[in-house]
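Spelled out from the first residue to the last, the chains are:
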Amino acid sequence: MEPDVSMETGSMIRIAVLPVGGAIPHHQLREYAAMLGRHTRIDLSSISSFYKEHQKSPFAHQPWETGCLRFKYMLGGAPPSPWEDFQSCRKILAVVGLCHCPSSPDLDLVAEQFAAACKGYSSALAKRCFAFCPTDSQLEDDGKKRENIILFPPSDRQTQEFHMLTMVQDLAATLLMEFEKWVLRAESTGTILKTPLDSQSSLGSEEVIKAKKRRLGRAQKTIGDYCLLAGSPVDANAHYSTAIELARLTGDVFWHAGALEGSVCALLLDCVDQKDPVLEEEVKYRYYTVIQLYRRSYLQDNAQRVSTVSFELEAALKLARYLCRRELAKEVVELLMGAADGAKSLIDASDRLILYVEIARLFGTLGYQRKAAFFSRQVALLYLQQDNACAAISAMQVLTMTSNAYHVQSRRASSKLQTSHHELGPSHGDGGKLHPQSVVSLFESQWSTLQMVVLREILMSSVRAGDPLAAWSAAARLLRSFYPLITPAGQSGLASSLAKSAERLPPGTRCADPALPFIRLHSFSLHPSQTDIIKRNPLKKEWWTGSAPSGPFIYTPFSKGGTTNSNKQEMTWIVGEPVQVLVELANPCSFDLTVESIYLSVHSGNFDAFPVSVSLPPNTAKVILLSGIPTKVGPVSIPGCIVHCFGVITEHLFKDVDNLLLGATQGLVLSDPFRCCGSGKLKNVSIPNISVVPALPLLVSHVVGGDGATVLYEGEIRDIWISLTNAGTVPVEQAHIALSGKNQDSVISIAHDTLMSALPLKPGGEVTLPVTLKAWQLSMVDSEIDSSKSGGSTRRISKEGSSPLLVIHYAGSWTHSDQSNNTENSVPPGRRLVVPLNVCVLQGLRFVKARLLSMEIPARINEALPKPLYVDKNPTDVVSRDDSMVKIDPYRGSWELRLLELELSNPTDVVFEVNVSVQLDNRKNEHGMPILNHENADFGYPRTRIDRDYSARVLIPLEHFKLPILDGSFFAKDSQTSDAFCSKVSNLAERSAKAELNASINNLISKIKVRWHSGRNSSGELNIKDATQPALQASVMDILLPDPLTFGFRLAKNGAQINGFSEESIISDDPPSQCVNGNVIKCKGCISAHEMTHMEVLVRNNTREMIQMSLSVTCRDVAGENCTEGNNATVLWAGVLNDIPLEVPPLEEVKHAFSLYFLVPGEYTLLAASIINDATDVLRARARTDSPDEPIFCRGSPFHVYVVGTA
Amino acid sequence: MIVCVAVVGHQNNPLYLQSFTEADDALKLHHIIHCSLDVIDERINNPKKSGPTLNEAFLGLLYPTENYKVYGYLTNTKVKFIMVTTDLDVKDADFFRRFHAAYVDAVSNPFHVPGKKITSKAFAQRVSSIVKSFGSAATT
């Protein structure tokens, strides 16, 4: 059997092409052969110039205009076939030698060799030797005119090709003339034509006669063959018709079939252009006849020696090839399956090989890939039966071709096939989807029985063929795809064959097919410095606003949606800053796997990956960290990893494993390599779009004195020094500090200026900035009970994460520092550094309660009036700064003392010292009079020490707060308040009144500072605001506002003292009197019983309005009895004491004199009170009355009177 | 007798393959089933639009190979039923209809994952009983 047969085979002239002379370099030989091989169809019209008609041509109907000769070049020649006589096309009709002159200098020798080579081809009618690239000497030598050697002078390709064409045309003409000669001779003399079918041994007389009869028919058939070869189908047809007739008559079945076959060929050549169904039917009909005839010619007796089966099968193949179209698939399949069945009756193994090859090819052409693969595999098996390397190579190659149909192809092959699908990298927007191709391959991978067999055979054949890379690849595919179906021993065997193959490969060999381990992307290990990259908004001064995801959510509905890759994460890497990617490796096999090196595979070429070596015990999975450094600006795609394992470098794509895992979840593939290694299910990690940006500055922060949490007691104030270092390669040119997180108000100050002055911060530069913190108050919510402390003492400390954060936005320059070809006018992004102010707040001093204490200390009466505080210019103040004690001067006047009592307890285990101070502002009132003339407004009270687990009370005097004048200004701030009395009270007004009240309370409290110290360097301030507010709420007006009327008593001199300002001139000569700085003050006990004592009551109007009132003065004894009235009055009086109508002008004083006569010595109390007539709104508000009719009663402070003497 | 039956999914993935011979020719039968998909694929791609065969699931003889004949049956969901027989001349789709019914019952199992191989023992038993009934009919 012959390969590549078709119906037209009968018209092809076989030309043996032989390399002659010295060894020709491979590529040269290939080039020469290709140059020759292009000329398979030589038009008759083109050879007419070379053709000389010696005799009358037997080809009467030669189509000189349209016809052609067909050449078939047999590179390397072919052995003579025993069937040459039967089908002339099987003869080698010409020999062409190819000679490369530089390697064979002696042309004579070449000629000799060529002649010797031609000896083997007795049927050759023409011989030529083409010598290429002759040297000059050889060209000169050519003068000798060697027969058959044609020198191709060195020239350009085109000329050589033209030369070759000419030579081929010459050859064709020669052959045509030879055919004519042969036919003429055959017609005239006749020839003996024999086939192996004709029995040679016993030529009985009967058979001799038969043979003679048949000879004519056979001769006609052969002439027909030659006519076909000469390109004259009409002549051929005529001869064939005769031959068919004769063969039928003589019963020469075999030759009948041959002639019929020839006639079909002639018919097809004649109607080469038309393809009508009628012709097709005719061809089909004739060929089925041919097949029948060949089958009939099958002789049982010589079946052992020769068989016509091969002709029958060849005819079937020819017909199949002719019909090979989709529409006729069924017929073709039947023909081919019939032919395949016939393979068993073929004797020669190589015939079977050719048959299977042809069947496979035809099935392939038909689109029946699986059948083609099946027969290819049969071919491979036949090859493997031959025990030599070449056959093994052939087997390997054939099997490799089948691997596509079985979906076990090497990735190198498949990547060629589907380059469009094989776009690497995730930036193509289809990372999450499966390729339809790969889905199919997942399904097809279930034909594991067949696939494993094919892979095993590929492995076996490539080992035998000595192709270690193919063997490695096959073993890798087998192991990777079918490890669950392979026994542990088999797995180890594959591993060792991988290792063995690798030994024969040069180090660093790459293979397209990955073996083990399975690698999937685990996650991107993100350093915070990577996430905190913020796009700069060049339009804004605060460039970080509006561009960064502000908040803890990756997705916000307000971030720009609608972009195509909205589901894709974006990631930014920075040139020169190492990045880390976590991948998970799995070794589901039962042997120890050593990965010599594994690193990220980056196709974009702007990334330096660092290799790692891993060893994986059997059935284990491991997550490893792969790192690298981006080197250039641009997108980075990480499709997978490069693995050096089993001695070969392979690329493992994440996508493949993702598909595999997806298939595993759907139950389509055999097993999930990760799950069988005990690794959990991992959500599908999509590879984000990674882009590399130019180098950015990188600030690294640390807290001076250690990064540990600073332990602070509640309210403690401390400076934290934060040092920022630029660890990048680009200077920081912009920086901004902001606060975020919880308890932001605990940061009192940040040294912005220090940072600003340090800019630009050069690489390696460092700046240290202080941040002043005041530890916040622990609330029940954000604290937790530190139960670890023994003794049941419940100490509270702040929870984690309640510390404030410093957010530093910083960036380099606005322009790209490097001259990368980045044409887009984008600014390099900035960064954000979040420095947590690690503060651990411990519970400090604790408030138990606060309350307001109010006490009245009556003044002693004397000749002076009590000095109002606000006019106190006396340096000898009641509250002296020197000793810081609250001193009560009994002569100062009546005191209405209000004290804020704070009860503090110390649950901690340190000692606190509490220091209360009152901060007073030097605000001037509208009279331009300073309310207080203290330059240093701090009243330093003595420190209170509170030991651990003790409580203490701290008293804070609430003085110095009173306003000098009661007027509308306090209320006028909210005029509604006063209006409310006459108009409807509106809710709004009430609310605002309340707010006003609160504001004034806050104002008051903020002036009081409770500072504490503990240990050497802990100090802080107690937040008393919340605690004191309720305590003060009720009486803030009393604290802040003066009474509308102030009453004072004093002794009048001899009753003649009318002038209220005569204190200075009073000189007392009473024994207990004292002289102090010219101030004559009557000492205690200066009032004697039984003596008329002149007194004055002074009423001061603290308001801005005239007040009309009726004043009453009462005198009480120690028992509280009124002494001036009733029957038992112990005090006699002169003047008016009750219902004295008085009119006090605004901010003025009015005196009223009277005299008392004490009958009994002892202690008395003088009280002045008045009923205000026609009170104004201000007064009403002060008196907290809301009925307009109610009289306003105003009472003064009591004055003590000591009366001495004897009863 | 029936040598082998197979169910092949719409992606040409084998769902069920069972041979009924004692001989160790599983690989050969795999190949035969696999190759028969070529023919079915072509029938799918070039459906004959003629009236009676329009809704006909039975594909008839797919191809003869060596001593076997391969018959096919194609459902609307492109699930293929393939039977390999030695001598049985299958004229109608009766066998395939019963086979199909068995398959439908098997994949109606809520625990069956579509596209996965059928591992149900009940299905295997039912198929083998169907095969037996036809095999015995052939021998008589």
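Structure: above.
The following refers to the structure shown. (Residues numbered from 1 in each chain as written. Chains lettered and ligands numbered in written order. Predicted model: local features only at pLDDT ≥ 70, side-chain atom pairs only at ≥ 80, totals over all residues. Heavy atoms only, no water.)

What about the overall build of chain B?
Within chain B, the secondary structure is distributed over 3 helices and 5 strands. Secondary structure elements of chain B occur, N-terminal to C-terminal, as β-β-α-β-β-β-α-α. Residues classed as buried in chain B amount to 47% of the 140 residues present. Taking the intrachain contacts of chain B between residues at least 6 apart in sequence as the baseline, contacts between residues at least 24 apart amount to 54%. In the form shown here, chain B has an accessible surface area of approximately 6,900 Å², with 54% of it arising from carbon and sulfur atoms. (Helix = DSSP H or I, 4+ residues; strand = E, 2+ residues; numbered from the N terminus. Buried < 20%, exposed > 50% of the residue type's maximum accessible area, 1.4 Å probe, protein only. Contact = heavy atoms within 4.5 Å. Areas by Shrake-Rupley, 256 points an atom, 1.4 Å probe, with all protein chains shown as cover.)

Considerations on the packing of helix α8 (residues 253–270) of chain A against helix α9 (residues 277–296) of chain A
All names here are of chain A. The geometry of α8 relative to α9 is characterised by a closest axis approach of 8 Å and an angle of 160° between their N-to-C directions. Relative to α9, α8 is oriented roughly antiparallel. Here α8 and α9 pass one another in a crossing that is left-handed. Residues Val253, Phe254, His256, Ala257, Gly258, Leu260, Glu261, Ser263, Val264, Leu267 and Leu268 of α8 touch α9, and the partners they reach there are Leu279, Glu282, Val283, Arg286, Tyr287, Thr289, Val290, Leu293, Tyr294 and Arg296. (Axes fitted to C-alpha atoms, helices over the stretch in contact; angles between N-to-C directions. Parallel < 35°, antiparallel > 145°, perpendicular 65-115°, else oblique. Left-handed = near helix turned anticlockwise from the far one by under 90°.)

Comments concerning helix α12 (residues 349–366) of chain A
An α-helix turns once per 3.6 residues; consequently, residues spaced three or four apart project the same way. All names here are of chain A. Counted at 1.5 Å a residue, the expected span for α12 with its 18 residues is 26 Å, and the 25 Å between its end C-alpha atoms agrees. For α12, the set of buried residues is Asp351, Leu353, Ile354, Leu355, Tyr356, Glu358, Ile359, Ala360, Leu362, Phe363 and Leu366. The elements touched by buried residues of α12 are α10 (309–323), α11 (329–342) and α13 (369–385). Where α12 ends, the next residue or the one after it, Gly367, has phi of about 95°, a positive value. (Expected span 1.5 Å × (residues − 1).)

Structural notes on the interface of chain B and chain A
At the interface, 28 residues of chain B touch 28 residues of chain A. Summing both partners gives a buried area of about 2,600 Å² for chain B against chain A, and 60% of it is carried by carbon and sulfur. Broken down residue by residue, the surface that chain B buries against chain A is led by His31(B), His34(B) and Asp38(B), which jointly contribute 26%. Our count for the chain B to chain A interface comes out at 1 salt bridge. Of the charged contacts in the structure, one is a salt bridge between Asp38(B) and Arg370(A), with a shortest N-O distance of 3.3 Å. Seen at the junction of chain B and chain A, the total is 3 residue pairs in polar contact (both at pLDDT 80 or more). (Buried area = accessible area lost by both parts, 1.4 Å probe. Salt bridge = Lys/Arg side-chain N within 4 Å of Asp/Glu carboxyl O. Polar contact = N/O pair within 3.5 Å; in protein donor to acceptor, adjacent residues only side chain to side chain.)

Concerning the pattern of salt bridges
Residue and element names in this part refer to chain A. Counted according to the given criterion, the structure contains 19 salt bridges over all chains. In this structure, Asp513 and Arg477 form a salt bridge, with 3.7 Å as the shortest nitrogen-oxygen distance. Of the two residues, Asp513 sits in the loop between β7 (510–511) and β8 (518–525) while Arg477 sits in helix α18 (residues 468–482), which places them 36 residues apart along the sequence. Each of the two residues, Asp513 as well as Arg477, counts as buried.

Thoughts on helix α7 (residues 233–250) of chain A
Residues and elements named next belong to chain A. The end-to-end C-alpha distance of α7, which contains 18 residues, comes to 25 Å, matching closely the 26 Å that a straight helix rising 1.5 Å per residue would cover. Within the sequence span of α7, burial applies to Pro233, Asp235, Ala236, His239, Tyr240, Ala243, Ile244, Leu246, Ala247 and Thr250. Where α7 ends, the next residue or the one after it, Gly251, has phi of about 70°, a positive value.

Describing the pairing of strand β30 (residues 839–842) of chain A
Residue and element names in this part refer to chain A. Going residue by residue along β30, you find Val839 and Val841 tucked away on one face and Cys840 and Leu842 tucked away on the opposite face as well. Relative to β30, strand β21 (residues 710–713) runs parallel, the two sharing 4 bridges. From the neighbouring strand, Thr710 faces β30, where its bridge partner is Val839. (Pairing = 2+ DSSP bridges.)

A word on unusual backbone geometry
Residues and elements named next belong to chain A. Residues other than glycine seldom take positive phi values, yet Asn619 does so here, at roughly 55°. Under the relative-accessibility criterion, Asn619 is labelled partly exposed at 38%. Positive phi is not limited to glycine here, since Asp1139 has a value of about 50°. Residue position: Asp1139 is located in the loop between β45 (1131–1134) and β46 (1140–1144). Taking the relative accessible area as the measure of exposure, Asp1139 reaches 54% and is therefore exposed.

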